[in-house]
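Single-letter residue listing:
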Amino acid sequence: MPELKYTQDHEWVQAEGDAATIGITDHAQNALGDVVFVDLPEVGREVAAGEAIAVVESVKAASDVYAPIAGRVVEVNAALTDDPGLINREPTGSGWFFKIEPADPAAIGALMDESAYAAFVDSQA
Amino acid sequence: MADTETLFETPLADLHRALGGRMVAFAGYAMPVQYPAGIMAEHLHVRSAAGLFDVSHMGQAELLGEGAAAALERVTPADIQALKPGRQRYGLLMTPEGGIFDDFMVANLGDRLLLVVNASRKHDDFALIESVLPTGVQLRRLPDRALLALQGPGAAPAMAPIAPALTALSFMGIAQAEIAGIPVIASRSGYTGEDGWEISAPAGEAEALAKHLLGLPGVQPAGLGARDSLRLEAGLCLYGTDIDESTSPVEAALTWSIGKRRRMAWDFPGAGRVRDELANGTARLRVGLRPEGRQPARGETMIHVPGGDTIGSITSGGFGPSLGGPMAMGYVARPHAADGTPIELIVRGKPIPARVTPMPFVPHRYAR
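Residues numbered from 1 in each chain as written. Chains lettered and ligands numbered in written order. Predicted model: local features only at pLDDT ≥ 70, side-chain atom pairs only at ≥ 80, totals over all residues. Heavy atoms only, no water.

(A) Up close: the packing of aromatic side chains. Residues and elements named next belong to chain B. One pass over the structure, following the stated rule, counts 7 aromatic pairs over all chains. Ring geometry for phenylalanine 8 versus tyrosine 29: centroids 5.5 Å apart, planes at 40 degrees, classification tilted. Remark: tyrosine 29 occurs in strand β2 (residues 29-34) and phenylalanine 8 occurs in the segment before α1 (13-18); sequence separation between them is 21 residues. Given a relative accessible area of 12%, tyrosine 29 falls into the buried group. Centroid distance phenylalanine 171 to tyrosine 366: 3.9 Å. Interplanar angle 10 degrees. Geometry classified as stacked. (Phe/Tyr/Trp six-rings, centres within 6.5 Å; stacked < 30°, edge-to-face > 60°. Helix = DSSP H or I, 4+ residues; strand = E, 2+ residues; numbered from the N terminus. Buried < 20%, exposed > 50% of the residue type's maximum accessible area, 1.4 Å probe, protein only.)

(B) Region of interest: the domain arrangement of chain B. Residue and element names in this part refer to chain B. Structurally, chain B comprises domain 1 (4-59 + 144-233) and domain 2 (283-368). Placing the centre of domain 1 and that of domain 2 at their C-alpha centroids yields a distance of 29 Å. At the junction of the two partners, domain 1 supplies 15 residues and domain 2 supplies 19 residues. Summed over both sides, the interface of domain 1 with domain 2 buries roughly 1,500 Å², with 60% coming from carbon and sulfur. Among the residues domain 1 hides against domain 2, the three largest losses belong to Phe171, Leu232 and Glu233. Together they make up 46% of the total. Viewed at the interface, domain 2 and domain 1 are joined by 1 salt bridge. Glutamate 194 is the salt-bridge partner of arginine 365, the closest N and O atoms lying 3.0 Å from each other. Here domain 1 is connected to domain 2 by 12 residue pairs in polar contact (both at pLDDT 80 or more). Contributions of two or more residues to the side of domain 1 that touches domain 2 are made by α2 (39-48) and α8 (224-233). Split by residue class, the side of domain 1 that touches domain 2 holds 5 nonpolar, 4 polar and 6 charged. (Domains from an automatic or database assignment. Contact = heavy atoms within 4.5 Å. Buried area = accessible area lost by both parts, 1.4 Å probe. Salt bridge = Lys/Arg side-chain N within 4 Å of Asp/Glu carboxyl O. Polar contact = N/O pair within 3.5 Å; in protein donor to acceptor, adjacent residues only side chain to side chain. Nonpolar A, V, L, I, M, F, W, Y, C, P; charged D, E, K, R; others polar.)

(C) Fine view of the pairing of strand β16 (residues 310-320) of chain B. Residue and element names in this part refer to chain B. By the criterion of burial, β16 is predominantly enclosed, with 9 of the 11 residues buried. For strand β15 (residues 302-304) and β16, the ladder comprises 3 bridges, and the chain directions are antiparallel. Across the sheet, residue methionine 302 finds its bridge partner in β16, namely serine 313. Counting the residues in the hairpin turn of β16 and strand β17 (residues 325-333) gives 4 residues, including glycine 324, whose phi is positive at 75 degrees. (Pairing = 2+ DSSP bridges.)

(D) Up close: the interface of chain B and chain A. Listed per partner, the contact involves 17 residues of chain B and 15 residues of chain A. Summed over both partners, the interface of chain B with chain A comes to about 1,400 Å²; 50% of that surface belongs to carbon and sulfur atoms. It is B:Arg294, B:Arg298 and B:Arg348 in chain B that bury the most area against chain A; as a group they hold 40% of the surface buried on that side. Taken together, chain B and chain A are joined by 5 salt bridges.

(E) Inspection of the sheet that holds strand β9 (residues 98-102) of chain A at higher detail. Residues and elements named next belong to chain A. If you walk across this open sheet you meet the 6 strands as β1-β2-β3-β9-β8-β5, and the pairing is antiparallel. The two strands at the open ends of the sheet, each matched to only one other strand, are β1 (5-6) and β5 (46-47). As judged from the 6 bridges shared by strand β2 (residues 11-16) and strand β3 (residues 19-24), these two strands associate in the antiparallel manner. Its bridge partner lying in β3, tryptophan 12 is registered against glycine 23.

(F) Representation of the sheet that holds strand β19 (residues 350-357) of chain B. Residue and element names in this part refer to chain B. Taken in spatial order, the 6 strands line up as β14-β17-β16-β15-β18-β19 and close into a barrel, and their pairing is antiparallel. Between one strand and the next, the sheet's axes are offset by a mean angle of 40 degrees, whatever the strand orientation. Docked against the sheet, α8 engages β16 and β17, running at close to 125 degrees with respect to β16. (Axes fitted to C-alpha atoms, helices over the stretch in contact; angles between N-to-C directions.)

(G) View of unusual backbone geometry. Residue and element names in this part refer to chain B. Residue methionine 359 is joined to proline 360 through a cis peptide bond whose omega torsion reads 0 degrees. Tracing the sequence through the fold places proline 360 in the segment after β19. Phi at alanine 27 takes a positive value of approximately 50 degrees, unusual for a residue other than glycine. Relative to the assigned elements, alanine 27 resides in the loop between β1 (22-26) and β2. A relative accessible area of 33% means that alanine 27 is categorised as partly exposed. For tryptophan 266, which is not glycine, the phi torsion reads 50 degrees and is therefore positive. Among the structural elements, tryptophan 266 can be located in the loop between α9 (260-265) and α10 (271-280). Note on tryptophan 266: relative accessible area 21%, which makes it partly exposed.

(H) Region of the structure containing the pairing of strand β8 (residues 71-76) of chain A. Residues and elements named next belong to chain A. By the bridge criterion, 2 bridges tie β5 to β8 in an arrangement that is antiparallel. Looking across to β8, one finds that glutamate 46 is bridged to arginine 72. Two strands pair when backbone bridges link them, and β8 and β9 are joined in this way by 5 bridges, in the antiparallel orientation. Its bridge partner lying in β9, arginine 72 is registered against glutamate 101.

(I) Structural detail: the side chain of B:Asp54. The topology assignment puts B:Asp54 in strand β3 (residues 50-54). Discounting residues that sit within four places of it in the chain, B:Asp54 has contacts with B:Thr10, B:Leu12, B:His16, B:Met31, B:Leu147 and B:Leu148.

(J) Local environment of the UniProt feature "domain: Lipoyl-binding" (unreviewed entry) in chain A. Residues given the UniProt feature "domain: Lipoyl-binding" (unreviewed entry) here are residues 19-101 of chain A. Segment residues 19-101 of chain A splits into 18% helix and 42% strand. End C-alpha atoms: 4 Å apart. (UniProt positions renumbered as here; feature names shortened; annotations may be inferred.)

(K) Spatial organisation of the UniProt feature "modified residue: N6-lipoyllysine" (unreviewed entry) in chain A. Look at the UniProt record and you will see "modified residue: N6-lipoyllysine" (unreviewed entry) annotated at A:Lys60. Among the residues examined, A:Lys60 registers a relative accessible area of 42% and is labelled partly exposed. Excluding anything up to four places from it in sequence, A:Lys60 contacts B:Val33, B:Ile39, B:Gly225, B:Asp228 and B:Arg298.

(L) View of α2(B). By the burial criterion, the buried members of α2(B) are B:Ile39, B:Met40, B:Glu42, B:His43, B:Val46 and B:Arg47. Looking at the buried residues of α2(B), the elements they touch are β4 (35-39) of chain A together with β2, β3, β9 (145-151), β13 (219-221) and α8 of chain B.

(M) Spotlight on the UniProt feature "domain: Aminomethyltransferase C-terminal" (unreviewed entry) in chain B. UniProt's entry tags residues 286-362 of chain B with the feature "domain: Aminomethyltransferase C-terminal" (unreviewed entry), counted in the numbering of this structure. As a span, residues 286-362 of chain B carries 0% helix and 56% strand, and end to end its C-alpha atoms are 17 Å apart.

Quick look at the structure:
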């Protein structure tokens, strides 16, 4: 399995074949609290890096989820509609949000690795 | 939260940290928004067992002296003079223009009145009350008292063995008692729609009291996040969000808090506006709303006729853990305020169908 890469917006990215699977980190789900709703992007949508393309709603508040890389949305996690709690229970597994076919596969390599992300989270504390 | 160091703390600040509370700024205080269990679990625990909230940031004061009740009526339309010893009542402080200056609780302790007001308004409220007091009536602020709320169907079974005098109270009753040797003043009331007590205690003994209450069967700590979702399910207003100086008691559907005698005499600030609105109706009304589906619509969401004009906006909105779906309250133009009226909420540019719904969203379970 390719390693997870991370963004400063607390998303993780995992490249697999032609597409990259994207979700929010354990740190992010913990900060958000219990997720009650997700608004996912349309499949086929062309997105820019850093564009807000999904929304995650907890009991308390709504938060944007950003496209970590430019490309095209090729799949969304329909299971989240009925069970948004997956995001809290398995944020880096079955709680994934969407898959993007990257415009530039090299963009994923430029994201933070696990230790860099851990240092980033510590610096924000 | 760079400004955390400038925030006030309650007497339970150390306990919140020890319990793993996530501290946030609220009304100038560092308060726990949640503990490790999380808002959802804390909310559901209050509905199924009992939760303990720290609400020591709220303003407490005593009003003493001959004519204290009549003096307080100079700033509120509630009937304070008819409030019997051992009873508490909800009231509104009014602006001269008929807006709501704050909402508050007042209790008759026999020899004095006990007031509890919102944290964000306490300095203004106390100054307003003092400005109308005649000679001989005195407002005494109680910054050295903590306030805890024990709420939920498990509150009475937990309290019965340790403070039978408090379990003997009915809803909105108030009494002085001892819990674990600590002198308290407790009212059978709260802000969750559940049975329970709000318990005033000396600040120095607040932590011991809280630890004792947390040691009772079924009692878990609950934070401000759960307090907010519980009060919204119960259809209760949050001052500064659902009501403020621009809203009148009639618009806010709080006319019931105006005493009958006061509605004959019209002798309170803003009586002209209230009288006119009761006679002629208001342009807008506070209502409950239930969006279809699971997507919450938050405060400031615009409310439309389906496919048409704007008719109002949401003041509080979120997801009700006990309701199992989204809920909101807000103001709509009067022709659209009837229960069952279909409306549309515009969330992030997309319309969500919803209906005007009676509140509370979750039935109250007070000890009547």
